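The lines below spell out each chain.
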Amino acid sequence: MPLMKSVRTGAVNEVDVVETERPAPGPRDALVRIRACGICGTDVTFLHMGGMPAQAHLGGEMLPVPLGHEPAGEVVEVGAEVSGLKVGDRVVVNPQDAPTGIIGCGGEYGGMSEYLLIENAEVGQSVAVFPDTVPFDVASLNEPMAVARHCVNRTEAGPTDKVVVFGAGPIGLGAAIWLKLRAVRHVVVADVIPSRLEKALAVGADAVINSAEEDVTSRLTELHGQSANALGQPRPGTDIYIDAAGAAAVFNTVVASAKWGAKLVMVAMQKKGSEIDLGGMLRSELTLVASQGYPTEIFEVTPELVEHQERFARLISHRVPLSDVERAFELALTPGAAEKVVVTLDE
């Protein structure tokens, strides 16, 4: 049986590159040679834990996790019963469709491997084909951009809305791109890292706020005009707040700033924070909406990712070969060191 390299969790905050058997596709499967795979905050979480508990609800021994749920690659084998796919097709993957568990998130397979088995391969369900005009590294953004797209869909933002996105990481910047592509009136991005704010402007944000140096409420009032809450207290005219940062300070800022009828959509994994000011939410009749994953968006985004690939390509800050994957994860583990790291497997 031929072997392949695969990246999985090692000791806490470390990865191991191991040799495993290359999967053999059955009649309903396809085998994809992975050419690029992004690193996500979920991967970093697994590294912090040193894997995944053998029995998650009971704790116990930590098991290694095959990493990578943002892969793009090229089909190299197709089972006899698979239709719509052929050898040579370039594909992006739906990691949540694998019957043996979510790819790269506790399932049997990880996308940060030289080859990935696509079980029950079906175009539009488990994979989508993209043209050779799109680089593999940009195509690997398909999965996180589906997360960002679902968040924007949950906002129900329209052309007349004024929006602020907290957090200029890949999801926050992706949300800003989708908002502008749907012609939302004014989009602000807030972060504490100047280089990320520069990138936000580069991908189409109308304005940025350095929340480490500026008063967010005052700046939003300048940008979006003045409104009020139920008590008539002055508040910015911002219609929609997006939390792509996951910090307690963001939630508290939104509650303190929200006008009557504003909406907060949370897409970031929330870190442990302070108590929620329910009274503040009541005074603004603030609607809180959670956004998780991509129930329908995983391949809805693919055509627009292709069409606007130059804009999305700006999200990638580092491209690191598999031979140097430890450095790739070191970047991802270091706060502020990178925006989006993509591991390439072209060698």
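Treat the numbers as computed from the prediction; the structure is a model and nothing was measured. (Residues numbered from 1 in each chain as written. Predicted model: local features only at pLDDT ≥ 70, side-chain atom pairs only at ≥ 80, totals over all residues. Heavy atoms only, no water.)

Engineer: Mind showing me how you'd approach the packing of helix H3 (residues 142-155) against helix H4 (residues 170-181) here?
Structural biologist: In a pair of packed helices, the angle between the axes and the distance between the axes together describe the arrangement. Relative to each other, H3 and H4 sit at 55 degrees, their axes nearing to 8 Å. On the basis of their axis angle, the class for H3 and H4 is oblique. Read as a crossing pair, H3 and H4 show a hand that is right-handed. Packed against H3, whose contacting residues are Pro144, Met145, Val147, Ala148, Arg149, Val152 and Thr155, the element H4 presents Pro170, Ile171, Gly174, Ala175, Trp178 and Leu179 at the interface. Among the residues forming the contact of H3 with H4, the class breakdown is ten nonpolar, two polar and one charged. (Axes fitted to C-alpha atoms, helices over the stretch in contact; angles between N-to-C directions. Helix = DSSP H or I, 4+ residues; strand = E, 2+ residues; numbered from the N terminus. Parallel < 35°, antiparallel > 145°, perpendicular 65-115°, else oblique. Left-handed = near helix turned anticlockwise from the far one by under 90°. Contact = heavy atoms within 4.5 Å. Nonpolar A, V, L, I, M, F, W, Y, C, P; charged D, E, K, R; others polar.)

Engineer: Sorry if this is basic, but what is going on with unusual backbone geometry here?
Structural biologist: Comment: phi is negative for the bulk of residues other than glycine, and the bulk of peptide bonds are trans. Here the phi dihedral of Glu156 falls at roughly 60 degrees; this positive angle occurs in a residue that is not glycine. Its location among the elements puts Glu156 in the loop between H3 and strand S10 (162-166).

Engineer: So what exactly am I meant to see when it comes to empty space enclosed by the protein here?
Structural biologist: It is a probe the size of a water molecule, rolled over the atoms, that shows where empty space is left. Under the defined criterion, the tally for this structure stands at one cavity of 30 Å³ or more. Volume-wise, the largest cavity comes out at about 60 Å³. As for the largest cavity, its lining consists of Val93, Asn94, Asp97, Ala98, Pro99, Ile103, Tyr109, Leu117, Ile118, Glu119 and Ser126. Split into classes, the residues belonging to the lining of the largest cavity amount to seven nonpolar, two polar and two charged. (1 Å grid on protein atoms, 1.4 Å probe; cavity = no way out; pocket = protein on both sides within 12 Å on 5 of 7 lines; lining within 4 Å. Points joined across faces, edges and corners; volume = space filled by probe spheres on them.)

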